[in-house]
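Now for the letters of each chain:
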Amino acid sequence: MTTSDVLLTADADGVRTLRLNRPEAYNSLTVELKERLIAELRAAAEDPDVRAVVLTGTGKAFCAGQDLKEHVGLLQANDPAPLHTVSDHYNPIVKAITGMPKPVIAAVNGTAAGAGAAFAYASDLRIAAESSSFLMAFANVGLGPDSGASWTLQRLIGYGRAAELMLMARTVDSTEALRIGLVGEVVPDEELAARAQKVAAKLAAGPTVAYAKIKSVLGVAAESSLEEALAAEDAAQTELGGTADHAEAVEAFVGKRRPNFQGK
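These figures come from a predicted structure and were not determined experimentally. (Residues numbered from 1 in each chain as written. Predicted model: local features only at pLDDT ≥ 70, side-chain atom pairs only at ≥ 80, totals over all residues. Heavy atoms only, no water.)

A few words now on the environment of Pro-48. In this fold, Pro-48 is placed in the loop between helix H1 (31-46) and strand E4 (52-57). Taking the C-alpha atoms as reference points, Pro-48 and Gly-263, 215 residues apart in sequence, are found 8.8 Å from one another. (Helix = DSSP H or I, 4+ residues; strand = E, 2+ residues; numbered from the N terminus.)

Here's what the structure looks like:
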């Protein structure tokens, strides 16, 4: 494990865990943390030894969103940085998560609010601790959604529920989150880290080149016509059909053995 003031990283079984590490501030997002997270997500995407990513937080929160103390301080100092943080930080973070050519699992260990919740929505899988909760509180501070939440949230739970949660700024606990499809699994708090690692390690041992194409095709289909989705599927299958992983899977099936995927 390597450490910094604001982010912890650890590698095990092909999985890189990125742990937001400002527990005293509920892992709220300062400029330093946002820039570090962008860099680490991009590094994970480029590292061939990283085959899956877990995003989580230290302490009682996953991420409480923007650090408002820093935000207000910069505004009062007439610093232009807060006015550009969506384009400079939040958009790149979400693009790095959704564009990651390998699975991203959000292990939601507590409060996930604002941009922090949006990072979880942008991830491929969400595993939540029983004590976790989600909050879209942008309206409470006179702002609209950012970090892709307007796009991701309604695709997870539908327009009506997404509008309600954003307009009413209502907290969703883990039980409701599971019921409405906001998360895929809820586990006891003490089991979250191990469960996320187990799921991520299973994915890391799989055909990661195919996972990258699955993510890409789903992205195309989310905003295209059926014809465009069919074309994207066709192109992906043609490419994947020539991969070593596909050949290995076929040979393993015929030989009645477990395939050994290499992500190639």
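In sheet architecture, strand pairing relies on hydrogen bonds along the backbone and comes in two forms, parallel and antiparallel. Spatially, the four strands line up as an open sheet ordered E5-E7-E9-E10, and their pairing is mixed. In the strand order of this sheet, the two ends are held by strand E5 (61-63) and strand E10 (172-173), each with one partner. Pairing geometry for strand E7 (residues 111-113) and strand E9 (residues 133-135), over three bridges, is parallel. When the sheet's bridge partners are listed, Ala-113 is paired in E9 with Leu-135. Packing against the sheet, helix H4 (residues 115-122) makes contact with E5, E7 and E9, and its axis sits at approximately 95 degrees to E7. (Pairing = 2+ DSSP bridges. Contact = heavy atoms within 4.5 Å. Axes fitted to C-alpha atoms, helices over the stretch in contact; angles between N-to-C directions.)

Under the definition given, this model contains 11 salt bridges. Residues Asp-67 and Arg-22 are paired through a salt bridge, measuring 3.0 Å at the closest nitrogen-oxygen approach. With Asp-67 in the loop between E5 and helix H2 (68-76) and Arg-22 in the loop between strand E3 (15-20) and H1, this residue pair connects regions lying 45 residues apart in the sequence. The salt bridge partner of Glu-164 is Arg-170, with a shortest N-O separation of 3.0 Å. (Salt bridge = Lys/Arg side-chain N within 4 Å of Asp/Glu carboxyl O.)

The next point concerns the nonpolar core. When a protein is soluble and globular, its nonpolar side chains tend to lie buried together. Counting residues in hydrophobic clusters, the biggest one holds 47 residues, and the most contacted among them are Phe-119, Phe-134 and Leu-182. Residues within four places of Phe-134 in sequence aside, it is in contact with Val-108, Ala-112, Ala-117, Ala-120, Tyr-121, Arg-170, Thr-171, Val-172, Ala-177, Leu-182 and Val-183. (Core = buried A, V, L, I, M, F, W, Y, C linked by side-chain atoms within 4.5 Å. Buried < 20%, exposed > 50% of the residue type's maximum accessible area, 1.4 Å probe, protein only.)

Quick look at the pairing of strand E2 (residues 7-12) now. Taken together, the six bridges between E2 and E3 define a ladder with antiparallel strand orientation. Looking at E3, one finds that Ala-10 is bridged to Thr-17. The antiparallel hairpin formed by E2 and E3 contains two residues in its connecting segment, where Asp-13 sits at a positive phi of about 55 degrees.

Here the focus is the packing of H4 against helix H5 (residues 149-157). One can describe the packing of H4 onto H5 by two numbers: an axis separation of 9 Å at closest approach and a directional angle of 55 degrees. On the basis of the axis angle, H4 is oblique to H5. Viewed along their axes, H4 and H5 form a crossing whose handedness is left-handed. Residue-level contacts link Ala-118, Tyr-121 and Ala-122 of H4 to Ala-149, Thr-152, Leu-153 and Leu-156 of H5. (Parallel < 35°, antiparallel > 145°, perpendicular 65-115°, else oblique. Left-handed = near helix turned anticlockwise from the far one by under 90°.)

In short, geometric facts, not functional conclusions.
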